[in-house]
Amino acid sequence: MKLFAIFGDPVAHSRSPLMHNSVFEHLHVNACYTRVHLHNGARLKETFFALKLSGANVTVPHKEAAFKACDEVRGFAKKIGVVNTLINENGKLIGYNTDADGFLYAIAPFQPIQSVLVLGAGGTAKALVNKFIDEGLNVSVLNRSHGRLDYFKALGVATYTWESMPQQPFDLIVNTTSAGLSDNEYPAPVELLEPLIAACNFCADAIYGKVTPFLALAQQHHKVSKDGADMLLGQGVLAASLFLEHAFNNEQIETQMKKSFLL
Ligand code: NDP
C-alpha cells in the first residue's frame, strides 16, 4: 500500500486526508493519506523519507521550506520558489505547485476580472500573484509588514503596507493571509479594509471551512464571494493526478474528491 500525507503546523484542520482517501477508495487505488504535524520545516525531507511516503502535500507554514528540501522542482513551482506537492520519484524528492491553478479554477465563475488586490505576501500570495501576472491581470499586494514585499516589487507589482495603501477600486480582493484561520482577526485594519471591499465586485478567501472576518465583511456588503473550498478542491485534483501518475483524468478525480466535501 502506498502512503501519502499532508505536512503543516497547524494541520489538524486539513481536509486533504478526507479528499485524497475518498479518491483512493472510489477509484480502487491501494493507498492511504494521513496528516503529519511538523513544527520544524527543516526536517521535512528526513520525515518524508522516514515515513516511506510516496507523495505529500505541504501547507502553512512549510511551503518555502518544501521548495528548499526538493532534489528537483518542476513547472510553475520553480518560478515561484513555493512547493505544495511532493512526489517520491525513485528516492528523489520532486516538488510541484498546484495552488495557483487550483485558485484559477475556483474563481473561473468570477467574470470579468482585470484588477486584483492580494492581501498577504506569503507563499500563497507568491503563487497567485505570479499566476495573475501570467493571465495579464493588473495586480496589487497589501501586507501588514514590509519584509516580504520586496519579492513582489521586483515583479513590478504595486505593493503597499497598511500605512501606505490608497483607496481604489479592484474587481477582486483575495485574502491569502492566515488572519482568520485560527483567530478572529481581519487581514488589515477594518477601517482600511471595509471601503476597499465596498468598492470591489468579488471577494475570495484562501481559508476554507469557516466564515472568516474578511468573508463576513464581504457578505455584509453583498459581494459575490467564496471561501477556499473550491481552491482546495482544484489544487487537490491536480495533486492527486500527480500522486496517481496521471492514471485517471481530472474529471474522474474531481467527481470522487467532491464526495468528501459532503462528509
Ligand atoms: P504564509 O505563512 O506563507 O504567509 C502568511 C501571510 O499572512 C503573510 O503575508 C503574513 O504577513 C500574513 N499574516 C499572518 N497573520 C496575519 C494577521 N493576523 N494579519 C494580517 N496579516 C497576517 O502562509 P501561506 O501563504 O502558506 O497560507 C496563507 C493562508 O492560505 C493560510 O490560511 C492557508 O491555510 C491558506 N491556504 C489555503 C489553500 C486552499 O487550498 N484553500 C491553499 C493554500 C493556502 P507578514 O509578512 O507580515 O508576516
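This text gives an overview of the structure that appears in the document. These numbers come from a predicted model, not from an experiment.

Basis of the calculations
- Residues numbered from 1 in each chain as written.
- Predicted model: local features only at pLDDT ≥ 70, side-chain atom pairs only at ≥ 80, totals over all residues.
- Heavy atoms only, no water.
- Helix = DSSP H or I, 4+ residues; strand = E, 2+ residues; numbered from the N terminus.
- Rg over C-alpha atoms; globule rule 2.2 N^0.38 Å.
- Buried < 20%, exposed > 50% of the residue type's maximum accessible area, 1.4 Å probe, protein only.
- 1 Å grid on protein atoms, 1.4 Å probe; cavity = no way out; pocket = protein on both sides within 12 Å on 5 of 7 lines; lining within 4 Å.
- Points joined across faces, edges and corners; volume = space filled by probe spheres on them.
- Nonpolar A, V, L, I, M, F, W, Y, C, P; charged D, E, K, R; others polar.
- Domains from an automatic or database assignment.
- Pairing = 2+ DSSP bridges.
- Core = buried A, V, L, I, M, F, W, Y, C linked by side-chain atoms within 4.5 Å.
- Contact = heavy atoms within 4.5 Å.
- Near = heavy atom within 4 Å.
- Polar contact = N/O pair within 3.5 Å; in protein donor to acceptor, adjacent residues only side chain to side chain.
- Areas by Shrake-Rupley, 256 points an atom, 1.4 Å probe, with all protein chains shown as cover.
- Sits in = over half its atoms within 2 Å of the grid points.
- Phe/Tyr/Trp six-rings, centres within 6.5 Å; stacked < 30°, edge-to-face > 60°.
- Lys NZ or Arg CZ within 6 Å of the ring centre and 35° of its normal.

So, the overall build of the chain
Then step 1. If you tally the helices and strands in the chain, you get 11 helices and 12 strands.
Then step 2. Here the C-alpha radius of gyration of the chain, 18 Å, is about what a compact globule of 263 residues would show, namely 18 Å.
Then step 3. Taking the principal axes of the C-alpha coordinates as reference, the chain spans close to 55 × 35 × 35 Å.
Then step 4. For the chain, buried positions account for 54% of its 263 residues.

Re the layout of surface pockets
Then step 1. Counted as a void, the largest pocket has a volume near 1,100 Å³.
Then step 2. Taken together, 44 residues form the lining of the largest pocket, with Val 60, Thr 124, Thr 176, Thr 177 and Ser 178 sitting closest to its centre.
Then step 3. Examining the composition of the lining of the largest pocket, we find that three residues originate from one element, helix 10 (residues 229-243), more than from any other.
Then step 4. The class makeup of the residues in the lining of the largest pocket is 16 nonpolar, 19 polar and nine charged.
Then step 5. Summarising the domain contributions, the lining of the largest pocket has at least three residues from each of domain 1 (2-97 + 229-262) and domain 2 (101-226).
Then step 6. Size it by volume and the second largest pocket reaches roughly 200 Å³.

Observations concerning the pairing of strand 9 (residues 158-161)
Then step 1. Note that strand 8 (residues 138-143) and strand 9 share four bridges and pair parallel. Among the inter-strand pairings, Leu 142 is bridged to a residue of strand 9, identified as Tyr 160.

Comments concerning the nonpolar core
Then step 1. Residues Phe 132 and Leu 172 are the most contacted members of the largest nonpolar core, which totals 29 residues.
Then step 2. Looking at this core, the elements with two or more residues in it are helix 4 (76-80), helix 5 (99-107), strand 7 (115-119), helix 6 (123-134), strand 8, helix 7 (149-154), strand 10 (172-175) and strand 11 (202-205).
Then step 3. At five residues, the largest contribution of residues to this core is made by helix 6.
Then step 4. In terms of domain composition, this core takes at least three residues from each of domain 1 (2-97 + 229-262) and domain 2 (101-226).
Then step 5. In this structure Leu 172 touches Ile 107, Phe 110, Ile 113, Ser 115, Val 116, Leu 117, Phe 202, Cys 203 and Ala 204, once residues within four positions along its chain are discounted.
Then step 6. Phe 4, Val 11, Ile 87 and Ala 240 belong to the second largest nonpolar core, which has 24 residues in total.

Considerations on the side chain of Thr 159
Then step 1. Within the fold, Thr 159 resides in strand 9.
Then step 2. Contact partners of Thr 159, with chain neighbours within four places excluded, come to Val 141, Leu 149, Phe 152 and Lys 153.

Overview of the site of the ligand
Then step 1. Around the ligand lies a shell of 28 residues, among which Ala 121, Thr 124, Arg 144, Ser 145 and Ala 206 are the nearest.
Then step 2. The contact in question runs from an oxygen atom of the ligand to an N or O atom on the side chain of Arg 144, over 2.8 Å.
Then step 3. Considering the ligand on its own, with 940 Å² of exposed area, one finds that the protein chains cover 91% of that surface.
Then step 4. In a pocket analysis with a 2 Å cut-off to the grid points, the ligand is assigned to the largest pocket.
Then step 5. Broken down by element, the shell around the ligand gets its largest block of residues, three residues, from helix 10.
Then step 6. Here the residues of the shell around the ligand sort into 12 nonpolar, 11 polar and five charged.
Then step 7. Here the shell around the ligand spans two domains, and each of domain 1 (2-97 + 229-262) and domain 2 (101-226) adds at least three residues to it.

What to know about the packing of aromatic side chains
Then step 1. Applying the stated rule across the entire model yields seven aromatic pairs.
Then step 2. Ring centres 5.2 Å apart and planes at 80° place the aromatic pair Tyr 151 and Phe 152 in the edge-to-face group.
Then step 3. Accessibility expressed as a relative area gives 0% for Phe 152, which makes it buried.
Then step 4. Over the ring of Tyr 151 we find Lys 126, and its NZ or CZ is 4.6 Å from the ring centre.
Then step 5. The ring of Phe 76 has Lys 131 sitting right over it, with the charged end atom 4.4 Å from the ring centre.

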